[in-house]
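Summary of the model geometry
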Amino acid sequence: MIDHTVRVYRPDEPLARTDQLAWKIAEVATEDLEPTPEVTDMVINRVIDNAAVATASLGRAPILAARAQAEAHPVSRGGSGATIVGSRERTSPEWAAWANGVAVRELDYHDTFLAADYSHPGDNVPPVLAVAQHLGRSGHDLLRGIVTGYEIQVDLVKGICLHEHKIDHVAHLGPSAAAGIGTLLGLSTETVYQAVGQALHTTTATRQSRKGEISTWKAHAPAFAGKLAVEAVDRAMRGQTSPSPIYEGSDGVIAWMLSGPDARYTVPLPAHGEDRTAILETYTKEHSAEYQAQAWIDLARRLGSEHPELREPGAVRSVVLHTSHHTHHVIGSGSGDPQKYDPTASRETLDHSIPYIFTVALQDGAWDHVASYAPERAGRPDTIELWRKVTTAEDPEWTRRYHSPDPAEKSFGGRVEIELEDGSRVVDEIAVADAHPLGARPFGREQYVAKFRALADGVLAPEEIERFLDVAQRLPELMPDELGGLTVTPMDDPASRAGTTTGIF
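As a starting point, this report considers the structure included with it. What you see is a predicted model, and the numbers here were worked out from it, not measured in a lab.

1. Brief notes about the overall build of the chain
Scanning the chain from N- to C-terminus turns up 20 helices and 8 strands. For 505 residues, the compact-globule estimate of 2.2 N^0.38 gives 23 Å, and the chain sits close to it at 22 Å. If you line up the chain on its principal axes, its C-alpha atoms span 70 × 55 × 45 Å. Residues classed as buried in the chain amount to 61% of the 505 residues present. In the chain, once contacts between residues fewer than 6 apart in sequence are set aside, the share between residues at least 24 apart is 75%. Carbon and sulfur atoms make up 52% of the accessible area of the chain, which totals about 18700 Å².

This is the structure we're talking about:
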């Protein structure tokens, strides 16, 4: 990897286009490299994972709304259209990216990468797949495009912190998806450079979407970035240019949205000829919750089994989760959000409340993407009583490990200290989730397939489950006319059970 220093340049200070971060990203995207077998295998896993969580969300309101919007738009000229998850219709690629992006993101249940910032790299798949389907590209082309999307997003997340300045993490997704589409289509470096700049310029937004009473927009935000990335590439292919230099300009992103004119960022990118392996550094979720809650769910389940008395609020005086700065301030009591202790809060809010999540996993010994968030579950009196005894505290050592560049040391857990009313204490800790590559039960192909089968059960017909798994596991060799099979159609129309949505379109 090559570390690139990125800073702000004065208007009178020379900065060659080839020295700009957007150009360097474009160079990575336009180099013709074959993915390694390990990377190829993981791409297949993540395509299966995305389909699993999208299937589980098909009847939910945000998905129905986004799907209805996509279905209202006919296939655009110049291609055969892209599939919409849960639908038998096709639409134009930008609207497919929108609808499928919402379906993938809604349950907060697919892959993650955490470093200087947050990300869900699987959000790159819907826009890249939609363009591949529309323009009749092969599975091999799709594979390479997805690899690039993961690589660029992970590298940006390693180097540039957005949340520090309350900028939503999808500002890294716009450029990565644009780069992935550029690889898919074999575009020139100049074209991808312009698309990356436009995608970043149009996808910067505040983090209020993940603060306080979290709304349905949390699922829409990455889908919107993917949609804008498709449109940015289309404009760039037509010769349209973008604000430049988008990162380094005196009125650019770093100068006014991030750390200012004196800031320095270091972004690692692959050297010429170096394998793109960033996807292997990412990790999926066994549980439908914010990633920083994954290890805590596993620890809570174990503690509830080993110490049944911890499930009773009357027996517990206090529960303190000693953890990283990010966990404490984003999903813990350090956020200052009273909604994190509100039993009437939205599902989106509860899946960003580690006090709630730890409490329910401790009492139930399990975590379910539906039952664990049900209003009646959140409103149980014994749960509310115990929940309000759970707080978080920042621990410098866990913060250091959270940011460690060493994968063997990097962790997303912490230490729990539970004080009981009888004066006894229970203390335990966990570094990574059980499903993490270094966890107790790492996810491999078998676990990804099992997750898909479990979430598709009762939603897809058995033959549809097998059909999709067959197509997905042949991804690198798929012919253009087979890419349409990388979607799922339920046994019945979820909209018929939930009612249709209406709007302008």
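2. Things to note about the packing of helix α18 (residues 445-456) against helix α19 (residues 462-473)
The interhelical angle for the contact between α18 and α19, taken along N-to-C directions, is 150°, at an axis separation of 11 Å. As far as their axial angle goes, α19 and α18 are roughly antiparallel. Like other packed secondary-structure pairs, α18 and α19 cross with a definite hand, here right-handed. Counting all contacts with α18, which are made through Arg445, Val449, Phe452, Arg453 and Ala456, the residues of α19 involved are Ile465, Glu466, Phe468, Leu469 and Gln473. Looking at the contact of α18 with α19 residue by residue, the class counts come to 6 nonpolar, 1 polar and 3 charged.

3. So, the nonpolar core
In terms of nonpolar packing, the biggest core is built from 103 residues, with Tyr247, Phe452, Phe468 and Leu486 touching the most fellow members. The element best represented in this core is helix α2 (residues 37-56), accounting for 11 residues. The contacts of Phe468, once residues within four sequence positions are left out, are Val47, Ile48, Ala51, Phe452, Gly485, Leu486, Thr487 and Val488.

4. Points about the packing of aromatic side chains
Inspection of every chain in the model, using the stated rule, returns 16 aromatic pairs. Each ring, one from Tyr402 and one from Phe412, has its centre 5.5 Å from the other, and the planes form 90°; the classification is edge-to-face. Of this pair, Tyr402 sits in helix α17 (residues 396-403) while Phe412 sits in the loop between α17 and β7 (414-420), and the two are 10 residues apart along the sequence. Judged by its relative accessible area of 1%, Tyr402 is buried. Ring geometry for Phe443 versus Tyr448: centroids 5.4 Å apart, planes at 85°, classification edge-to-face. Each member of the pair, Phe443 as well as Tyr448, is classed as buried. Within the aromatic cluster, the residues linked to one another by ring pairs are Phe113, Tyr283, Tyr291, Tyr402 and Phe412. The ring of Tyr9 carries the charged tip of Arg7 above its face, separated from the ring centre by 3.9 Å. Here Lys227 stacks its cationic end above the ring of Trp95, 4.5 Å away from the centre of that ring.

5. Focus: the sheet that holds strand β6 (residues 390-394)
Read from one edge of the open sheet, 4 strands run β6-β5-β7-β8, paired in mixed fashion. Each edge of the open sheet is held by one strand with a lone partner, namely β6 and β8 (425-430). When strand polarity is set aside, the average angle formed by the axes of neighbouring strands in this sheet is 20°. Note: strand β5 (residues 316-323) against β7, 7 bridges, orientation antiparallel.

6. Thoughts on the pairing of β7
As paired elements, β7 and β8 share 6 bridges and run antiparallel to each other. Directly across from Ile418, in β8, lies its bridge partner Val426. Between the end of β7 and the start of β8, which pair antiparallel, lie 4 residues, with Gly423 showing a positive phi angle near 95°.

7. Here's the deal with the side chain of Thr148
Among the secondary structure elements, Thr148 is positioned in helix α6 (residues 139-159). With residues near it in sequence (within four places) discarded, Thr148 still touches Ala29, Ala179, Gly180 and Thr183.

8. Some details on the environment of Ala431
With respect to the element layout, Ala431 can be found in the loop between β8 and α18. Aside from chain neighbours lying at most four places away, what touches Ala431 is Trp398, Arg401, Ser411, Phe412 and Gly413.

9. Let's talk about unusual backbone geometry
A cis geometry characterises the amide bond from Ser244 onward to Pro245, with omega recorded as -10°. Take Pro245: it is sitting in the loop between α9 (217-237) and α10 (253-256). At Asp108, a residue that is not glycine, the phi angle is positive and equals roughly 55°. Relative to the helices and strands, Asp108 is located in the loop between α4 (93-105) and α5 (125-134). For Asp108, a relative accessible area of 0% translates into the label buried. Backbone geometry places Lys166, a non-glycine residue, at a positive phi of 60°. For Lys166, a relative accessible area of 56% puts it in the exposed group.

About the criteria used
- Residues numbered from 1 in each chain as written.
- Predicted model: local features only at pLDDT ≥ 70, side-chain atom pairs only at ≥ 80, totals over all residues.
- Heavy atoms only, no water.
- Helix = DSSP H or I, 4+ residues; strand = E, 2+ residues; numbered from the N terminus.
- Rg over C-alpha atoms; globule rule 2.2 N^0.38 Å.
- Buried < 20%, exposed > 50% of the residue type's maximum accessible area, 1.4 Å probe, protein only.
- Contact = heavy atoms within 4.5 Å.
- Areas by Shrake-Rupley, 256 points an atom, 1.4 Å probe, with all protein chains shown as cover.
- Axes fitted to C-alpha atoms, helices over the stretch in contact; angles between N-to-C directions.
- Parallel < 35°, antiparallel > 145°, perpendicular 65-115°, else oblique.
- Left-handed = near helix turned anticlockwise from the far one by under 90°.
- Nonpolar A, V, L, I, M, F, W, Y, C, P; charged D, E, K, R; others polar.
- Core = buried A, V, L, I, M, F, W, Y, C linked by side-chain atoms within 4.5 Å.
- Phe/Tyr/Trp six-rings, centres within 6.5 Å; stacked < 30°, edge-to-face > 60°.
- Lys NZ or Arg CZ within 6 Å of the ring centre and 35° of its normal.
- Pairing = 2+ DSSP bridges.

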